[in-house]
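Structural overview for review
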Amino acid sequence: MTDRFRPPTALSRRTLLAASAGGLAMPFVVRAQPREIFIGGPASPGLTDVLFPLIERKHNFKILFEGTNSLINMEKIKANQARPTMTVTMMDDPVLILCEREKLITTLAGRAIPNLAEIIPDARPRNAMWANWCQPMSSIAFNSDNVKGMTSYAECWDRKYRQKIILISMRITQAITPLLAAAHLATGKPLVDCLKETNAGFEKLKEMKPNILQVTTNPPQAQNLLETGEIDLFLSPDSRSVLFRKLQGAPVDMVVPKEGAVAMPAGVALVNNGPNQALGELFINELLSAETQALVARTFFSNPTNPKAALPANWPLPRSMAVLDWEYFADNRAGWISRFERELAT
């Protein structure tokens with residue numbers, strides 16, 4: 001006997017519950033938002049292998065990271081401004097100022113970041129629009145086999161260093177240090193007051209030209225020439241790279257000049273309307289805690305911005321460094337680059 005066709009009937013609630021109990025796979029799956037954040041920042045040793053794993057373990061979330069320079073990082077945030085993918089960005093202050101103007105970042109004030117109140121006032125720029133999570137030192141890097149007893153920027157003009165110096169390009173933030181040092185030597189003003197004395201600084205830097213082997217936009221290559229002894233001095237990378245290589249056994253070190261050193265800006269900010277903002281706040285709060293700041297100091301050879309962080313004995317960096325007006329820097333940088341490349345890079 002042939003089976004008669006029977007039209008399908010609607011499933012009742014009881015039938016659905018029975019099917020579910022019997023193991024019938026249902027297509028309706030609700031997934032929680034994953035505990036992960038995407039961070040853009042510098043490709044610095046110690047981030048993905050030391051700092052981030054510690055925070056991930058402590059707070060049970062995943063950090064997805066892309067390492068690149070600050071300007072490229074900003075362009076990526078801008079390209080995704082309508083639908084942000086990044087939660088946190090780590091950049092130099094001059095680029096964070098541009099991000100603020102473009103409304104790419106949002107203030108940290110009033111957020112669930114209690115450790116923000118613990119860091120030094122200089123590390124909460126622009127009413128805590130972002131925070132500085134460390135202060136690397138920029139001064140003079142030298143080959144420790146070739147150079148002994150250096151104490152002053154003025155020695156960089158000594159003719160014994162003829163064709164033995166690499167100067168970093170003004171397109172890289174650390175280039176402000178030799179310009180300020182030159183302005184200080186020309187005017188006698190403190191480094192922190194020399195941003196507005198760059199005319200005198202450029203004229204003084206030009207006197208160093210016989211000693212300059214090259215101007216570089218490739219700091220790792222210059223670092224290699226410093227380590228091999230092909231140059232004696234490198235002006236002016238920061239302590240994150242140089243002292244990291246010293247720890248690994250390279251014959252390099254940094255001078256703490258009697259005129260002072262410059263604190264480089266290492267900022268962290270929340271991307272405006274980025275996903276998982278609560279995890280971003282948690283990340284920044286942990287980054288600024290005294291315990292993690294102690295790890296930051298040891299890992300990145302930089303001064304912590306939380307004064308409660310414990311530092312190792314014989315800490316190599318001065319606790320007080322020149323903190324600059326990075327908005328003035330950002331507004332004048334294009335003109336300085338043009339003059340630098342016209343008068344010093346040729």
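For the structure itself, look to the data block above.
Scope of this entry: the structure provided in the associated data block.

Conventions adopted
- The residue numbering used here restarts from 1 in each chain and proceeds along that chain's sequence as written.
- With pLDDT at 70 or above as the cut-off, local features in this predicted model cover only qualifying residues; side-chain atom pairs require 80 or more to be listed or tallied, and sums for whole chains, interfaces and linings still use all residues.
- The side-chain values count all of the structure's non-hydrogen atoms but skip hydrogen atoms and water molecules.
- Throughout this description, the term nonpolar core refers to a set of buried Ala, Val, Leu, Ile, Met, Phe, Trp, Tyr and Cys residues connected via side-chain atoms within 4.5 Å.
- The cut-offs for exposure are 20% and 50% of the maximum accessible area for each residue type, with area from a 1.4 Å probe on protein chains only; residues under the lower value are buried, those over the upper are exposed, and the others partly exposed.
- The way it works is that DSSP assigns letters per residue, a run of H or I at least four long becomes a helix, a run of E at least two long becomes a strand, and they are numbered from the N terminus.
- By definition, residues are in contact when any of their heavy atoms lie within 4.5 Å.
- Strands were regarded as paired on the criterion that DSSP finds at least two bridges between them.
- With strands facing away from the observer, any crossover in which the path from the first strand over the helix to the second runs clockwise is taken as right-handed.
- By this rule the span expected of a helix is its residue count minus one, scaled by 1.5 Å.
- Every angle, taken between N-to-C directions, lies between 0 and 180 degrees, and every axis is a line fitted to C-alpha atoms, over only the stretch in contact when it is a helix.

Below, the discussion takes up the nonpolar core. Cys156, Ile176 and Leu233 are the most contacted members of the largest nonpolar core, which totals 74 residues. Counting residues per element, this core draws most heavily on helix α6 (residues 176-187), which supplies 6 residues. Beyond its immediate stretch of four places on either side in the chain, isoleucine 176 contacts Leu195, Met264, Leu324, Trp326, Phe329 and Trp336. Counting residues in hydrophobic clusters, the runner-up holds 30 residues, among them Ile63, Ile113, Ala123 and Leu295.

Looking at chain direction, strand β1 (residues 36-41) and strand β2 (residues 62-67) are connected through 6 bridges and run parallel. Of the residues in β2, the one forming a bridge with glycine 40 is glutamate 66. A crossover connection joins β1 to the parallel β2 through helix α2 (residues 47-59); in handedness this β-α-β unit is right-handed.

Before going further, it helps to examine α6. Between the first and last C-alpha of α6 there are 16 Å, a value that for 12 residues agrees with the 16 Å anticipated at 1.5 Å per step. Within α6, 9 of the 12 residues are buried, which leaves it mostly tucked inside the rest of the structure. Here α6 has its buried residues at Ile176, Thr177, Pro178, Leu179, Leu180, Ala181, Ala182, Ala183 and His184. Lining the buried residues of α6 we find β5 (131-138), β7 (165-168), α7 (198-206), β9 (233-235), β11 (262-263) and α12 (326-343). Following α6 by one or two positions, glycine 188 adopts a phi angle in the positive range, close to 80°.

Pairing within the open sheet is mixed, and its 5 strands lie in the order β8-β7-β9-β6-β10. One side of each edge strand has no neighbouring strand; the edge strands of this open sheet are β8 (212-216) and β10 (252-255). Averaged over all adjacent pairs, the angle separating strand axes in this sheet is 25°, with direction ignored. With 4 bridges connecting them, strand β6 (residues 140-143) and β10 associate as antiparallel partners. Pairing of asparagine 143 across the sheet is with valine 252, part of β10.

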